[in-house]
Every structure is written in structure tokens, then in C-alpha cells.
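For reference, the chains in residue letters:
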Amino acid sequence: MRPLPQFVQSPLLRSVPGVYHAFLGADPVEGRGCRDRLREVFSLSADAVGTLKQVHSARVLRFGPGDGYGPGGWKREGDAIWTDEPGTGVGVHTADCVPVLIAHRDFPFAAAVHAGWRGLAAGVVEEAVGTVSRRYGGDAVGGLVAAAGPCAMGCCYEVGDEVAEALLSVPGAAGHLRAGRASGKWMADLQAIALSALSAAGVPPARSESVGPCTVCSERFHSFRREKSLTGRQLGFIYIREIPREHENPLPRQVSP
Ligand SMILES: [Zn+2]
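This is a predicted model, so every value here is computed, not measured.

**Q** Outline the pairing of strand β7 (residues 98-104), supporting the account with residue identities and numerical values.
**A** In terms of burial, β7 is largely enclosed, as seven of its seven residues are buried. Here β7 shows two buried faces, one formed by V98, V100, I102 and H104 and the other by P99, L101 and A103. Two successive antiparallel strands, β7 and strand β8 (residues 110-115), enclose a turn made up of five residues. Examined bridge by bridge, β7 and strand β9 (residues 144-148) share five bridges and lie antiparallel to one another. Counterpart to L101 in the pairing with β9 is A147.

Spelled out as C-alpha cells, the structure:
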């Protein structure tokens, strides 16, 4: 068997029955694309995993067949995608932005959110959670479980006044911005700000967590800032299993954090 790609998992999300997820990173196998990775490593048909053309918006869309991870082709624009159908999954691509994966502990629901500073400021996390309250009722939000994956963190992510100000529109963000090395510069912990946004949207803090390293300092993950290129992006995905097959198909688990 060929080596696995780097990936990390959230223990909280792993405890939710009926879903499987991974925040993927660099892949030691040259030329193994996302479709092959999903099939070979996770036994998933790429057509069953929906992604969008990400535009740093707060737009949330429900997974449709055309959103499958097909080669090339046209993608709908949006930054959060969700599904409630067993046998389907959703994902987002990131290189320093925050991938947020969400599930519900009581019924099939999975969402993937692409949250960079623009998306966070635009409220994409709150919009994604709002989809749950609109569809299932406000009480359903209390049963959500969420994880913010590898992204640019406070050790490395320096931003100017304008970005810092935009981020301050997220309730609680002020605690995750500290003065940078020069005046007018700030160090922003995007992952912590994404967790603040989840909490502000009603996800109980005990049911959300951050996993994975800072993408800028860890070479296990792609980073736009470090690599100066968007060619290396990683998929974070969450998949609703077809329930009866849950035990037939053992999937890889993260060995060490
Ligand atoms: Zn760092």
C-alpha cells in the first residue's frame, strides 16, 4: 500500500456516530490527486464529495450532484456546503484559511466551511450554523459538533489594521489578536477566531475544538504564505456514512497528532 497523505482528525468529531472526516495535508505520493486520494485512502467516490468554487463569501449551499469532486468543470460559488444524505460528503480547500467541519450528534448532517479573514468577517461560520437552525429549529444548534482545522495561527499570521478591524466584527475576536512586530501590524489567530464565531453562533464551546498545526510553520500542510502559491491546497472533508456499512469499511485513523 502506498504511504498515506498527512492528515489530522478531531477527537470530538470522531466521536459522532455515522460520520467520517479528515483534514488532509501534504501527500508524499507525487501526482496523487484529490480524486485518487479520496478513492485510494478513504474508499470514497469523489463524485459523492461536494466542493464549491470558493470566493471568500458567506454563501452557504446544499450539496447537489454537480458539486461532486469531478475533474475540472464548473463549480458553484460559495464558501460553505452541507449535506444530510448518507453516502455523501462535503469539503473545502484551504492553504492558510480555516477549514471548519461540522456534524450533528443526533441526525445525519455534515457541513464544511471555508473561513479566511474575509469569510470570518462576512459571517460565513454563523451563516452555516444558521442553516441548521432554519432547517431543524433553533434547539438543533446545541447538538452540533465542530472542529477548526489546520490554518494560519497567531504565531505566524501577521495582518494590517484593515484586516484586524474586519476580524473584530466576529464576537470574541479581540482576544485572539495581539500587537505585531511593527506598528499597524497584528498577529491574528484565525483558528481561535473561527471557534469564537462558532460559539457566537450557538455551538456549545464544549462541543467545538481546534486541531492541527499552524499551516505556515508546519511543512506537513500547505501554506499560501510559506509556499507563495495557491497550487498546494488541502482538502478538509466530512462524509456521512451509509449506516449499515459502517463496520465493513475500516478507514485510516490519525496515529499521532
Ligand atoms: Zn505558525
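**Q** Go over the packing of helix α4 (residues 124-136) against helix α6 (residues 190-200) with me, naming the residues and quoting the values.
**A** At their nearest, the axes of α4 and α6 sit 9 Å apart, and the two run at 35° to each other. Crossing angle aside, the handedness with which α4 passes α6 is right-handed. In this structure, α4 uses V125, E126 and V129 to contact α6, whose residues at the interface are A194, A197, L198 and A200.

**Q** Give a detailed account of α6, specifying residues and quantitative values.
**A** Among the 11 residues of α6, eight are classified as buried, and the element is accordingly described as predominantly covered. Following α6 by one or two positions, G202 has its phi on the positive side, about 110°.

**Q** Describe α4, and please don't skip the residues or the numbers.
**A** Under the 1.5 Å per step criterion, the end-to-end length of α4 is 19 Å for 13 residues, consistent within 8% with the ideal 18 Å. Buried within α4 are the following residues: V124, V125, E127, A128, V129 and V132. The positive-phi residue at the C-terminal boundary of α4 is G137, with phi of around 100°.

**Q** Hey, could you go over the sheet that holds β7 for me, with residue numbers and the actual values?
**A** Here six strands make up an open sheet; going across it, the order is β4-β5-β8-β7-β9-β13 and the pairing mixed. This sheet does not close on itself; its edge strands, each paired only once, are β4 (60-62) and β13 (208-210). Recorded for the sheet is a direction-independent mean angle of 15° between the axes of neighbouring strands. Of the pairings in the sheet, the one linking strand β5 (residues 80-83) to β8 comprises four bridges and is antiparallel in character. Note on β8: the bridge partner recorded for W82 is A111. Packed onto the sheet, α4 meets β4, β5, β7, β8 and β9 and runs at close to 165° relative to β8. Lying on the sheet, α6 is in contact with β7, β8, β9 and β13; it crosses β13 at an angle near 175°.

Thresholds applied
- Residues numbered from 1 in each chain as written.
- Predicted model: local features only at pLDDT ≥ 70, side-chain atom pairs only at ≥ 80, totals over all residues.
- Buried ≥ 20, exposed ≤ 12 C-beta atoms within 10 Å, placed from the backbone.
- Helix = DSSP H or I, 4+ residues; strand = E, 2+ residues; numbered from the N terminus.
- Pairing = 2+ DSSP bridges.
- Axes fitted to C-alpha atoms, helices over the stretch in contact; angles between N-to-C directions.
- Left-handed = near helix turned anticlockwise from the far one by under 90°.
- Contact = placed C-beta atoms within 7 Å.
- Expected span 1.5 Å × (residues − 1).

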